[in-house]
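Understanding the architecture of this molecule
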Amino acid sequence: MPLTPEQQAEIDEQRANPRPTLRAVSEGMEKHLYLAHPVLDHGLIRVVDYMGDDAAITQAARVSYGRGTKSVSTDEGLIRYLMRHWHSTPFEMCEVKFHVKLPVFVARQWIRHRTANVNEYSARYSILDREFYIPAPEHLSAQSAVNRQGRGELLEGEEAARVLDLLREDAMRSYDHYESMLSQDGQKGLARELARMNLPANVYTQWYWKVDLHNLFHFLRLRADSHAQYEIRAYANAMCDIVRDWVPFAYAAFEDYRLGGVQLSGKGVEVLKRRLAGETVTEENSGMSKGEWREFEGLWG
Ligand SMILES: Cc1cc2nc3c(=O)[nH]c(=O)nc-3n(C[C@H](O)[C@H](O)[C@H](O)COP(=O)(O)OP(=O)(O)OC[C@H]3O[C@@H](n4cnc5c(N)ncnc54)[C@H](O)[C@@H]3O)c2cc1C
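Residues numbered from 1 in each chain as written. Predicted model: local features only at pLDDT ≥ 70, side-chain atom pairs only at ≥ 80, totals over all residues. Heavy atoms only, no water.

Our working definition: UniProt positions are given in the numbering used here, feature names are shortened, and annotations may be inferred rather than shown by experiment.
The protein chain is annotated in an unreviewed UniProt entry as Flavin-dependent thymidylate synthase from Paracoccus lutimaris. In its Function (unreviewed entry) section, the UniProt entry covering the protein chain states "Catalyzes the reductive methylation of 2'-deoxyuridine-5'-monophosphate (dUMP) to 2'-deoxythymidine-5'-monophosphate (dTMP) while utilizing 5,10-methylenetetrahydrofolate (mTHF) as the methyl donor, and NADPH and FADH(2) as the reductant." The record in UniProt for the protein chain states the following under Catalytic activity (unreviewed entry): "dUMP + (6R)-5,10-methylene-5,6,7,8-tetrahydrofolate + NADPH + H(+) = dTMP + (6S)-5,6,7,8-tetrahydrofolate + NADP(+)".

Here is the structure:
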């Protein structure tokens, strides 16, 4: 577990002092609040705060004076309608604030999602921990032969051992140098903001990340997808589990329309119609490019 006893005690103390509130509470989210979910070898994700629940979405959609909920089935139907028709602003009424500990190379992908608020641990002010992401053997893959942005078969045996040794050695050596540059036996030592620059991209950083539900769904659609890199997907999957408990109707609609749904181009619709009418459509007479056809066939066979 990536927490020190002091960190765990702080979390336990927060959970030991519940307070009554007039605000909307999601029972599903309350069970996650403050708790750290481990991700990768030293990472974590935990909910630090949240606002709203499924009812907050229907409340905003109906611009209601009260809670805005009707029957369970009407609320669920309304949320599905909103999701289906990309009526996104009611989903923005829910917010969540995560504390995430993640390798720097994952943080670089994550930070591309601009519609969130971020505050990162300062390595100018504080000293980074000796913690580096080393892939588990089942994730140590070779370069994909067909996808330049993907992984292929697993590395095994001596080759896997050699790669793991190199990763560990490089991490330890660069951290040793980092430490020795910071403190030089009675000398001043290099500034933290400079010493950090020799650390590799698998060193762990931490941040608070606050986002509304609409933009979180956008993030999850891209990063829980099989095309996303495994390491960021591990965080996205952990978030999916949390969001499912937080807003069960909204998550079910998201799972159905976004994660489970597919987007069809106009050409794709035409090909499907022609096929349903009994015509044999091939790549040559489909009007699609090679790549489009490959992806279309991957979906429809
Ligand atoms: C599988 C995968 C591979 C990728 N590969 C690469 C890569 O090789 N190189 C690379 O650089 N990136 C890559 N990315 C990052 C990608 O291009 C996006 O930057 C990232 O997914 C964030 O998406 P976003 O801009 O939609 O999200 P957000 O920044 O959260 O924005 C959400 C939406 O808000 C709107 N928006 C936000 N800011 C602006 C703005 N300034 N102007 C106009 N509209 C705005 C857009 O509609 C946007 O879709 C990859 C992402 C994925 C998922």
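Still more to cover.
**Details of the overall build of the protein chain**
Short version of the rule: Helix and strand labels come from DSSP, where a helix needs a run of H or I of at least four residues and a strand needs a run of E of at least two; each type is numbered from the N terminus. For each residue, the accessible area found with a 1.4 Å probe, counting protein chains only, is set against the maximum for its type, and the residue is called buried under 20%, exposed over 50%, and partly exposed in between. Whether two residues touch is decided by their heavy atoms; if any such pair falls within 4.5 Å, the residues are in contact. Shrake-Rupley sampling with a 1.4 Å probe provides the accessible areas, and residues are treated as covered by the protein chains on show and by no other component. Residues counted as positive are Lys and Arg, residues counted as negative are Asp and Glu, and His and the chain ends are not counted. Taken as the charge location is NZ of Lys, CZ of Arg, CG of Asp or CD of Glu.
Helix and strand counts for the protein chain stand at 13 helices and seven strands. A burial count over the protein chain gives 36% of its 301 residues as buried. At a minimum sequence separation of 6, the contacts of the protein chain that also span at least 24 residues come to 68%. Accessible area for the protein chain stands at about 18,100 Å²; split by element, carbon and sulfur atoms hold 51% of it. Charge separation in the protein chain, taken as the distance between the mean sites of 37 positive and 43 negative side-chain charges, equals 6 Å.

**Things to note about the UniProt feature "binding site: dUMP" (unreviewed entry) in the protein chain**
In the UniProt entry, the feature "binding site: dUMP" (unreviewed entry) is given for Q109, W110, I111, R112, E120, Y121, S122, A123, R124, R196 and R223. The greatest C-alpha distance among the residues just named is 29.3 Å, and with 115 residues of sequence between them they are spread in space as well. Here R112 is to be found in the loop between α5 (104–110) and β4 (117–120). We classify R112 as exposed; its relative accessible area is 60%. Positionally, S122 belongs in the loop between β4 and β5 (141–143).

**Structural notes on the environment of A36**
By the element assignment, A36 lies in the loop between α2 (27–30) and β1 (37–39). Along the sequence, A36 and R233 sit 197 residues apart, while their C-alpha atoms lie 17 Å from each other.

**Concerning the packing of aromatic side chains**
Here the distance between the centres and the angle between the planes together describe a pair of aromatic rings. Worth spelling out the cut-off: Aromatic pairing here means that ring centres of Phe, Tyr or Trp (its six-membered ring) are within 6.5 Å. Orientation follows from the plane angle: under 30 degrees is stacked, over 60 is edge-to-face, and everything else is tilted.
Taken as a whole, this structure holds 13 aromatic pairs when the rule is applied. Judged by centre distance (6.2 Å) and plane angle (70°), the rings of F91 and F217 are edge-to-face. With F91 in the loop between α4 (72–84) and β3 (95–103) and F217 in helix α8 (residues 213–223), the pair connects residues that are 126 residues apart, well separated along the chain. Taking relative accessible area as the criterion, F91 reaches 3% and is therefore assigned buried.

**Quick notes on the packing of helix α9 (residues 230–246) against helix α10 (residues 248–259)**
Threshold: Structural elements are reduced to axes, namely lines fitted to C-alpha atoms, with helices fitted over the stretch in contact, and the angle between N-to-C directions of any two is expressed from 0 to 180 degrees. Every angle not falling under 35 degrees, over 145, or within 65 to 115 is termed oblique; those three ranges are roughly parallel, roughly antiparallel and roughly perpendicular. Each residue gets one of three labels, nonpolar for Ala, Val, Leu, Ile, Met, Phe, Trp, Tyr, Cys and Pro, charged for Asp, Glu, Lys and Arg, and polar for the others, Gly among them.
The contact between α9 and α10 brings their axes to 5 Å, and the two run at 130°. When the axis of α9 is compared with that of α10, the two are oblique. Contacts from C240, V243, R244, D245 and W246 in α9 reach P248, Y251 and E255 in α10. A class-by-class count of the residues in the contact of α9 with α10 yields five nonpolar, no polar and three charged.

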